[in-house]
Protein chains: 2
Amino acid sequence: MGRRRALRLALILFGSTALYFVPAPAGLDPRAWSLFAIFLGVIALVVASVVPIVLAALLGTAAAVLTGTLTGKEAYAGFSEDFILLIVSAFVISRAMLESGLGARIAWFIIRRLGKSTLGLAYSVLLTDLLIASAFPSNTARSSIFFPVLKAICVSQGSLPGEPSRLRLGRYLMMSSMAGISLSSALWLTAMAGNLGGAKIASEHGVHVTFGSWALAASVPVLACAALVPWLLFRVMKPEVQHTPDAPEQARAALAALGPMKRLEIITLVVFTVMVALWALSSVWKLDRTAVAFLGLAVLLLTGAYPRDGFKREGEALEIWLWFALLYTLSTQLNTLGFMRWLGGGVSAGTAGLPPPVVYVLLTLAYVAIHYFFVSQSAHLLALAGVFLQVAVTAGVAPALISYQLLFATNYFSCLTPQGSSANVLFVGSGYLTTSEVYRFGGLVTAVNTAVFLTLGSAWFLLVA
Amino acid sequence: MGRRRALRLALILFGSTALYFVPAPAGLDPRAWSLFAIFLGVIALVVASVVPIVLAALLGTAAAVLTGTLTGKEAYAGFSEDFILLIVSAFVISRAMLESGLGARIAWFIIRRLGKSTLGLAYSVLLTDLLIASAFPSNTARSSIFFPVLKAICVSQGSLPGEPSRLRLGRYLMMSSMAGISLSSALWLTAMAGNLGGAKIASEHGVHVTFGSWALAASVPVLACAALVPWLLFRVMKPEVQHTPDAPEQARAALAALGPMKRLEIITLVVFTVMVALWALSSVWKLDRTAVAFLGLAVLLLTGAYPRDGFKREGEALEIWLWFALLYTLSTQLNTLGFMRWLGGGVSAGTAGLPPPVVYVLLTLAYVAIHYFFVSQSAHLLALAGVFLQVAVTAGVAPALISYQLLFATNYFSCLTPQGSSANVLFVGSGYLTTSEVYRFGGLVTAVNTAVFLTLGSAWFLLVA
């Protein structure tokens, strides 16, 4: 650990400890204040990138339990939340989509149909993404399906990473796909690991979000952005290659090389289709979504579509489960102990007199802008969505309106910075994009997304939510 | 999947489904009967080695929830049980002991002192094992510390795997170490993943097991067996090399090559020492053991003693967490719903009139013998300990007596068969032991262990428990 990081760590630990010993403000449960001091320290560690997020979460939880601020039972409750288990199992399951080759086959299939022009290529990748995202809660895993396919196309068109030729085609396609993932993640409740956590937070404010209601609310603004963004980037980035007559041919060759669908691909396709159908029907038929995912995973394991030694490589899922459940629990306990309500009341005093629509817009813009400071979409959500929701509701904003806006924003702001989402990593590191380009074009995409979701989106949410 | 396995799978699924639709016997909650049918199917899948244990657990849980036998909340409760989280984090933490090299250093250190004779070597390995096991809940990870150290010594003495020379030294040392792990696991509450689960099961029968009470109860019979078993195996297996004057020299060379303790080793040593001390004091100081483990893991992560990319390789911990928590929950729900009590009453009718000491001995022998059918110690525990405890208590056996006996048996029977514990794998696969030798000598060790624990052990438990 470098000297500067050690210094920042010491400062944050000291600040958090000092805050812990400040007496609680009048009207606030002292436990809520203690937990706030600990939680603020955790978020500061995450935002300042001082330590890995899992370390911050473990440290915060240990502090909360060992100081008696939370009981063990309270602090560990998140691990058996069904939506978190759903995230973990769906994350694990997505390996079958990746390793069976089904994901790449679908991508090539759509490129064969729509890939004749550069713009057509961009739209076909986005369309594939929108389609498969419903059963693919790891946007990072999705990026690793598209990246190799796109890179193969770029190289075949003579557009090479780290060279001037990157401007020919690669720079545009990589940026456009990265932007696309920020939209596909927003379309489905099950398209990004954090979405289910957001839905749970919304439910604490009385907004009941289901698979169907999420998709309905997201549909109009997501499709509008999906229509707009690839075209806009095309105009701004001006790729030199505008026609790719070879791409469909290349797709045909790739598909021919893949041969007919293999047994494991068919099994994967069937299991995912049934699973998504059952998730969509879960609120009607009263099915437990997590149990459906467990069953899906069991079938994939039984048939070998999920590789027998696959678990050995799921360490990342363990890490996500640990920090996500711990941060989620810290954040919800802060709410349970009354901190959010107290803070909401305080902030609302500052926004008193402002009309609810102004509060709504200001909070949304602030929520998006703050993503400059966050490395993880889910950490951002768990740290702030609850507070922002509470403040908006206290100021008179309709709970459903602000809930959907913040839930979708957690996705549509993902390409604001290179480190804004782990799904960006492959594209950012591809050699086709410079860091400053990601800031520039990613900022543009996020601005467009925010504008569409605030205008068209808000109108639509008021209509359907 | 082979035809025979598919057939067995179909038979088990059919049998379990048929049993599910049989009306519940009078006096038993229908939900308890349904869960019993599902649980029996899961255990049959595990025992018949038809599918991996995690698959059986996922399938059983999905079936229980989707049939409405359990709610999701009930079925997933195990994931936030603090003792299961303690298992998972301690399992993860043990990587620091392994990768820092501290474990191997301790082994070499003790061999340097005690390794002059073959018998001395065996005792020194066992002593090391007994010492480090308190902070090392993965007996499999411990086996992977001792195995390379032992193999280096055997090869240097000209005892090679898969050759007649294996009889010179290797066969004896491998068998003795494997037997040693069955004892070191029994000595500490935190020495084997399943032990905490066993303590939780005992607590449901009113027997409160702490780190200290476990160690006290285990101490006398474990140390007696530890004194007896290496000597007995030495007499029976007759290794041709009886003196190893070079081993201390070899240890000295290995230690010299390691150089002075490295920074990460020192950190690991300090963290483990503090952690074990806090675990031992947890019931006095009212410390949450899981939070202590979280804190330990955080410190190891922060200092780099736990490798930064370590989580990527912890997929196995995820797998254990999944199946252990799910099986544990299925088993405890069976108890909660009254099945164990009902079954205990039924079986007790059969043992009516038998004096409690006879029931106690018979149940212990049966519990040990049934391990011939189980691949995992923890699965055996979760499947049977609850029932055996209930039957014994109903028949008038003192709860503490039977609890400790079964908890320790879950460890001391581990080398009954080659597949009786995952800690056996390295030794069994070493080429120094044939399968039939493992059955023969492992059976002998288990018989000796059982005899000591039933006689000396029982007397001691009655005295201290």
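Just so you know, these numbers come straight off a predicted model, no measurement behind them. Residue numbers run consecutively from 1 along every chain, following the written order of its sequence. Each chain is given a letter, starting from A, and each ligand a number, starting from 1, according to the order in which they appear as written. Given that the model is predicted, a residue must reach a pLDDT of at least 70 before its local features are reported, and side-chain atom pairs must reach 80 or more before they are shown or counted; all residues, however, enter totals for whole chains, interfaces and linings. In computing side-chain values, all of the structure's heavy atoms are included and hydrogens and water are not.

Regarding the interface of chain A and chain B
In this assembly, 45 residues from chain A lie in contact with 45 residues from chain B. By buried area we mean how much accessible surface two parts lose on assembly, using a 1.4 Å probe and totalling the loss over both. Each partner contributes to the roughly 3800 Å² buried at the junction of chain A and chain B, and carbon and sulfur atoms together form 82% of this total. Each salt bridge in this description consists of a side-chain nitrogen of Lys or Arg and a carboxyl oxygen of Asp or Glu lying within 4 Å of one another. Seen at the junction of chain A and chain B, the total is zero salt bridges. Any N or O atom pair separated by 3.5 Å or less is treated as a polar contact, with the protein-specific requirement of one donor-capable and one acceptor-capable atom, and with residues adjacent in sequence counted only for side-chain atom pairs. The interface formed by chain A and chain B contains five residue pairs in polar contact (both at pLDDT 80 or more). Only DSSP runs of H or I covering at least 4 residues are called helices, and only runs of E covering at least 2 are called strands; the numbering of each starts at the N terminus. Breaking the side of chain A that touches chain B down by element, the ones donating at least two residues are α1 (3-21), α3 (53-66), α5 (82-99), α14 (289-303) and α15 (315-336) of chain A. Only heavy atoms matter for contacts: two residues are in contact if any of them lie within 4.5 Å across the pair.

Topic: the side chain of T128 of chain B
Residue and element names in this part refer to chain B. Mapping T128 onto the fold places it in helix α7 (residues 118-132). A 1.4 Å probe rolled over the protein chains alone gives each residue an accessible area, and that area as a share of the maximum for its type sets the label: buried under 20%, exposed over 50%, partly exposed in between. Assessed through its relative accessible area of 1%, T128 is described here as buried. Excluding residues within four positions of it along the chain, T128 makes contact with I106, A107, I110 and F146.

Re the packing of helix α18 (residues 377-394) of chain B against helix α19 (residues 399-412) of chain B
Residue and element names in this part refer to chain B. In the contact formed by α18 and α19, the axes pass within 10 Å of each other and the chain directions differ by 160°. When the interaxial angle is binned, α18 and α19 end up roughly antiparallel. Judged by the sense of rotation from one axis to the other, the crossing of α18 with α19 is right-handed. Here Q377, L381, A385, F388, L389, A392 and V393 of α18 come into contact with α19, specifically with P399, I402, S403, L406, L407, T410 and N411. Think of it as three bins: nonpolar holds Ala, Val, Leu, Ile, Met, Phe, Trp, Tyr, Cys and Pro, charged holds Asp, Glu, Lys and Arg, and polar takes everything else, Gly as well. When its residues are assigned to classes, the contact of α18 with α19 shows 10 nonpolar, four polar and no charged. Axis lines are fitted through C-alpha atoms, for helices just across the contact stretch, and the angle between N-to-C directions can take any value from 0 to 180 degrees. Any angle from 65 to 115 degrees is called roughly perpendicular, while one under 35 is roughly parallel, one over 145 is roughly antiparallel, and all others are oblique. Note on convention: near helix rotated counterclockwise from far helix by under a right angle means a left-handed crossing. Clockwise means right-handed.

Observations concerning the layout of surface pockets
Space inside and on the surface of the protein is sampled on a 1 Å grid over the protein atoms alone, with a cavity defined as a set of points where a 1.4 Å probe fits but cannot get out and a pocket as an open set with protein on both sides within 12 Å along at least 5 of 7 lines; lining residues have an atom within 4 Å of a point. Grid points are joined across faces, edges and corners, and a volume is the space filled by probe spheres set on the points. Its boundaries defined by the atoms lining it, the largest pocket holds a volume of some 1100 Å³. Around the largest pocket sit 36 residues that line it, and S80, E81, D82 and K200 of chain A together with K73 of chain B are the ones nearest its centre. Among the elements of the structure, α4 (72-75), α5, α10 (195-203), α13 (263-285) and α14 of chain A together with α3 (53-66) and α4 (72-75) of chain B are those that each provide at least two residues to the lining of the largest pocket.

Regarding the confidence of the model for chain A
Regions with low pLDDT should not have their predicted coordinates read in detail. Residues and elements named next belong to chain A. Looking at chain A, the pLDDT average stands at 90 and 100% of residues meet or exceed 70. Element-level mean pLDDT values for chain A span from 77 in helix α16 (residues 339-351) up to 97 in helix α19 (residues 399-412). Confidence metrics for the complex model read pTM 0.82 and ipTM 0.82. Every residue carries a pLDDT, the predictor's confidence in it, which falls somewhere between 0 and 100.

Some remarks on the pattern of salt bridges
With the rule as written, the count across this model stands at 24 salt bridges over all chains. With a shortest N-O distance of 3.0 Å, R171 of chain A and E437 of chain A are connected by a salt bridge. Of this pair, R171 of chain A sits in helix α9 (residues 170-187) while E437 of chain A is found in helix α21 (residues 435-464), placing the two residues 266 residues apart along the sequence. Both residues of the pair, R171 of chain A and E437 of chain A, count as buried. Across the salt bridge formed by E437 of chain B and R166 of chain B, the nearest N and O atoms sit 3.0 Å from each other. Highlighted residues: E437 of chain B in helix α21 (residues 435-464) and R166 of chain B in the loop between α8 (139-156) and α9 (170-187), separated in sequence by 271 residues. A single network of salt bridges, built from pairs that share partners, joins R95, E99, D309, R313 and E314 of chain A.

Observations regarding the nonpolar core
When a protein is soluble and globular, its nonpolar side chains tend to lie buried together. Counting residues in hydrophobic clusters, the biggest one holds 350 residues, and the most contacted among them are F79 and W321 of chain A together with F79 and W321 of chain B. Not counting chain neighbours up to four residues away, the residues in contact with W321 of chain B comprise F79, L318, W321 and L322 of chain A together with F79, I84, L85 and V88 of chain B. Take the buried Ala, Val, Leu, Ile, Met, Phe, Trp, Tyr and Cys residues and link them wherever side-chain atoms come within 4.5 Å; each set so joined is a nonpolar core.

A short note on the relation of the copies chain A and chain B
What sets the superposition is a least-squares fit of C-alpha atoms, and only residues with pLDDT of at least 70 in both copies go into it. Aligned on chain B, chain A shows an RMSD of 0.0 Å; the corresponding rotation is 180° and the shift along the axis is 0.0 Å. The two molecules are tied by a two-fold rotation axis, judged by turn and shift. For chain A, the minimum C-alpha distance to the rotation axis belongs to G315 of chain A and amounts to 1.9 Å.

Re the domain arrangement of chain A
Domain segmentation is taken from an automatic or database assignment of domains. Taken as a whole, chain A is organised into domain 1 (1-75) and domain 2 (81-196 + 207-314). Here the C-alpha centroids of domain 1 of chain A and domain 2 of chain A sit 37 Å apart.

A look at the environment of A63 of chain A
Residues and elements named next belong to chain A. Note on placement: A63 falls in helix α3. Given a relative accessible area of 28%, A63 falls into the partly exposed group. Sequence separation between A63 and I38 is 25 residues; the distance between their C-alpha atoms is 7.2 Å.

Quick word on the packing of helix α10 (residues 195-203) of chain B against α18 of chain B
Residues and elements named next belong to chain B. Running from N to C, α10 and α18 point in directions that differ by 25°, and their axes come no closer than 10 Å. With respect to α18, the element α10 is oriented roughly parallel. Where α10 crosses over α18, the handedness of that crossing is right-handed. Across the interface between the two elements, G197, G198, I201 and A202 of α10 pack against L381, L382, A385, G386 and L389 of α18. Within the contact of α10 with α18, the residues separate by chemical class into six nonpolar, three polar and no charged.

Here's the deal with helix α2 (residues 30-47) of chain A
Residues and elements named next belong to chain A. With 18 residues, α2 extends 26 Å between its outermost C-alpha atoms, agreeing within 8% with the 26 Å of an ideal straight helix rising 1.5 Å per residue. Within α2, 13 of the 18 residues are buried, which leaves it mostly tucked inside the rest of the structure. The N-terminus of α2 is capped by D29, whose side-chain oxygen sits 2.9 Å from the backbone nitrogen of R31. Downstream of α2 by a residue or two, S49 has a phi angle that is positive, lying close to 50°. One less than the residue count of a helix, multiplied by 1.5 Å, gives the span that helix is expected to have.

Here we look at the environment of P221 of chain B
Residues and elements named next belong to chain B. Topologically, P221 is positioned in helix α11 (residues 211-237). A relative accessible area of 0% means that P221 is categorised as buried. Through-space distance from the C-alpha of P221 to that of S458 is 8.9 Å; in sequence the pair is 237 residues apart. Among all residues touching P221, those that are not within four sequence positions of it are V452, F453, L456, G457, W460 and F461.

Section: the packing of aromatic side chains
Residues and elements named next belong to chain A. The rule is short: rings of Phe, Tyr and Trp, with Trp giving its six-membered ring, pair when the centres are within 6.5 Å, and they are stacked under 30 degrees, edge-to-face over 60, tilted in between. Here the structure, examined in full by the defined rule, presents 45 aromatic pairs over all chains. One aromatic cluster in this structure is built from W214, Y404, F408, Y412, F453 and F461. Either the NZ atom of lysine or the CZ atom of arginine qualifies as a charge over a ring when it sits within 6 Å of the ring centre and within 35 degrees of the ring normal. Lying over the aromatic face of F441, R440 brings its terminal NZ or CZ to 5.0 Å of the ring centre.

Section: the state of the cysteines
By convention in this document, the label disulfide applies to cysteine sulfur atom pairs within 2.5 Å. For the structure on display, the rule yields zero disulfides over all chains. No disulfide involves C154 of chain A; its sulfur sits 17 Å from the nearest other cysteine sulfur, which is in C415 of chain A. Classification of C154 of chain A by relative accessible area gives buried; the value is 0%. Not engaged in a disulfide, the cysteine C415 of chain B finds its nearest cysteine sulfur in C225 of chain B; these two sulfurs lie 11 Å apart. When its relative accessible area of 0% is taken as the criterion, C415 of chain B is described as buried.

Some words on unusual backbone geometry
Residue and element names in this part refer to chain B. One non-glycine residue, K238, lies in positive phi territory at about 45°. With respect to the secondary-structure elements, K238 resides in the loop between α11 and α12 (246-258). Judged by its relative accessible area of 58%, K238 falls in the exposed class. The backbone of K286 shows a phi angle near 55°, a positive value even though the residue is not glycine. On the secondary structure map, K286 appears in the loop between α13 (263-285) and α14 (289-303). With relative accessibility at 71%, the residue K286 sits in the exposed group.

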